[in-house]
Amino acid sequence: MSEPILDCLIIGGGPAGLTAAIYLARFHLHILVVDGGKSRAASIPCTRNHAGYPDGIAGAELLRRMRDQACKYGAKIETESVTKLERDESIGHFTATWGSGSATARSVLLATGVANRRPPMDEQLHEDALAKGLVRYCPICDGYEVTDRRIGVIGSDSHGVAEALFLRSYTADVTLIAPDKAMRLKSADNERLAKAGIACVDGPTQAVAISDECIVVDTAEGHHAFDSIYPALGSDTHTQLGEMVGAKLASDGCFLCDSHQRTSVPGLYAAGDVVHGLDQISHAMGEGGVAATTIRNDLCAQQPRWREPVLEEPESGS
């Protein structure tokens, strides 16, 4: 026998996808989460700006709690990476395929996120540095933790300039470092950096060593030691599955969605960092809740989901 058609398939098990799973399961819908295990949230050693956790919580622990909560209400989670998404234009159903199986669903939520572009450094060194807070990717999340510390920002375009200036409100010791060759900046950017007292260093750049307290970066101008470095090298948005079924992208490469997380393809929704917005756990959760409620309402508009009455058990001996 073939598997029953899902009400919703959620692709991606980060904060957006898991929030949607909790909502949809509690809406009494038949859902499945397929997650490749690459959520950026999982790599956060400790987030201290997520409301409700004054002492912080590790990203992996937060995701574990969210998975447990979704499963408590009936959600199923598959640890796989979806490689193909198709849509039957005649009936509007979607079919997703992954290594060990596939599923068909009336709707799909893409919560596939983005991947940070890493600085040029050994992978194990990067993981160790990330765990110790020597490499950081989100100044909005953890700029507070680098207050009055020595900070290096790796980036040579407008994104690097913006990140260095943002961090300048946390510390007076900020250095912008080119990742490859000489710094390439507009005259207006140079003026802004100079006014803020931010030093500029030419590349190429290579992180060469870490200790418990600092990370050493090798540049064209010699070694520099920092308490933390922020790679400002951009990110890659995971939109491939949506593009397979014709979803339109915005100018920034994210999915083009309406205010209720609907993409340009009927029945296809998107939430979290794969949609333009503030790349924050709280923002992703909010979009996950909006998407889930929209999915529920859209499905019910197609076919009401009336709850069957509960039949009372006859009393024994009657």
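Residues numbered from 1 in each chain as written. Predicted model: local features only at pLDDT ≥ 70, side-chain atom pairs only at ≥ 80, totals over all residues. Heavy atoms only, no water.

## Some remarks on the overall build of the protein
When helices and strands are counted, the protein shows 8 helices and 17 strands. For the protein, the proportion of its 318 residues judged to be buried stands at 45%. By sequence separation, contacts in the protein at least 24 residues apart represent 58% of the contacts at least 6 residues apart. Just so you have it, the protein exposes about 16500 Å², and 50% of that area is on carbon and sulfur atoms. (Helix = DSSP H or I, 4+ residues; strand = E, 2+ residues; numbered from the N terminus. Buried < 20%, exposed > 50% of the residue type's maximum accessible area, 1.4 Å probe, protein only. Contact = heavy atoms within 4.5 Å. Areas by Shrake-Rupley, 256 points an atom, 1.4 Å probe, with all protein chains shown as cover.)

## A short note on the pairing of strand 10 (residues 174-177)
Every second residue of strand 10 is oriented toward a common face, with Val 174 and Leu 176 on one face and Thr 175 and Ile 177 on the other, all of them buried. In the classification by handedness, the crossover that spans strand 9 (residues 151-154), the intervening helix 5 (residues 158-167) and the parallel strand 10 is right-handed. Pairing of strand 10 with strand 11 (residues 199-201) involves 3 bridges; the strand directions are parallel. Bridge pairing in strand 11 links Ile 177 to Val 201. With helix 6 (residues 187-196) bridging strand 10 and the parallel strand 11, this β-α-β connection has right-handed handedness. (Right-handed = clockwise from strand over helix to strand, strands pointing away. Pairing = 2+ DSSP bridges.)

## Some details on the state of the cysteines
Applying the stated criterion to the full structure yields 1 disulfide. Linked covalently through their sulfurs, Cys 138 and Cys 141 form a disulfide whose S-S length is 2.4 Å. As the torsion about the S-S bond is roughly 70°, the Cys 138-Cys 141 disulfide counts as right-handed. The class for Cys 138 is buried, based on a relative accessible area of 19%. For Cys 254, which is in no disulfide, the shortest distance to another cysteine sulfur is to Cys 257 and amounts to 9.2 Å. When its relative accessible area of 22% is taken as the criterion, Cys 257 is described as partly exposed. (Disulfide = S-S within 2.5 Å.)

## Things to note about the sheet that holds strand 4 (residues 82-87)
With antiparallel pairing, 3 strands are arranged side by side in an open sheet as 4-5-6. The two strands at the open ends of the sheet, each matched to only one other strand, are strand 4 and strand 6 (101-105). In this sheet, neighbouring strand axes are inclined to one another by 15° on average, regardless of whether the strands run parallel or antiparallel. One ladder, built from 5 bridges, connects strand 5 (residues 94-98) with strand 6; its direction is antiparallel. Bridged to Phe 94 within strand 6 is Ala 105. (Axes fitted to C-alpha atoms, helices over the stretch in contact; angles between N-to-C directions.)

## Regarding the pattern of salt bridges
For the structure on display, the rule yields 19 salt bridges. Notably, a salt bridge pairs Arg 118 with Glu 127, separated by 3.0 Å at the nearest N-O pair. Relative accessible area serves as the criterion here: at 44%, Arg 118 is assigned to the partly exposed category. A relative accessible area of 32% means that Glu 127 is categorised as partly exposed. Measuring nitrogen to oxygen at the nearest pair gives 3.4 Å for the salt bridge that ties Arg 192 to Asp 189. Residue Arg 192 and its partner Asp 189 are located together in helix 6, separated by 3 residues, close to a single helical turn. According to the relative accessible area criterion, Arg 192 is partly exposed, its value standing at 45%. It is possible to trace a salt-bridge network through shared partners that takes in Glu 61, Arg 64, Arg 65 and Asp 68. (Salt bridge = Lys/Arg side-chain N within 4 Å of Asp/Glu carboxyl O.)

## A word on the packing of helix 1 (residues 15-26) against helix 2 (residues 59-72)
Here helix 1 crosses helix 2 at 20°, and the two axes come no closer than 9 Å. As the angle between them shows, helix 1 and helix 2 are arranged roughly parallel. Handedness of the crossing formed by helix 1 with helix 2: left-handed. Contact with helix 1, carried on its side by Pro 15, Leu 18, Thr 19, Ala 21, Ile 22 and Ala 25, involves Leu 63, Met 66, Arg 67, Gln 69 and Ala 70 of helix 2 and no other residues of that element. (Parallel < 35°, antiparallel > 145°, perpendicular 65-115°, else oblique. Left-handed = near helix turned anticlockwise from the far one by under 90°.)

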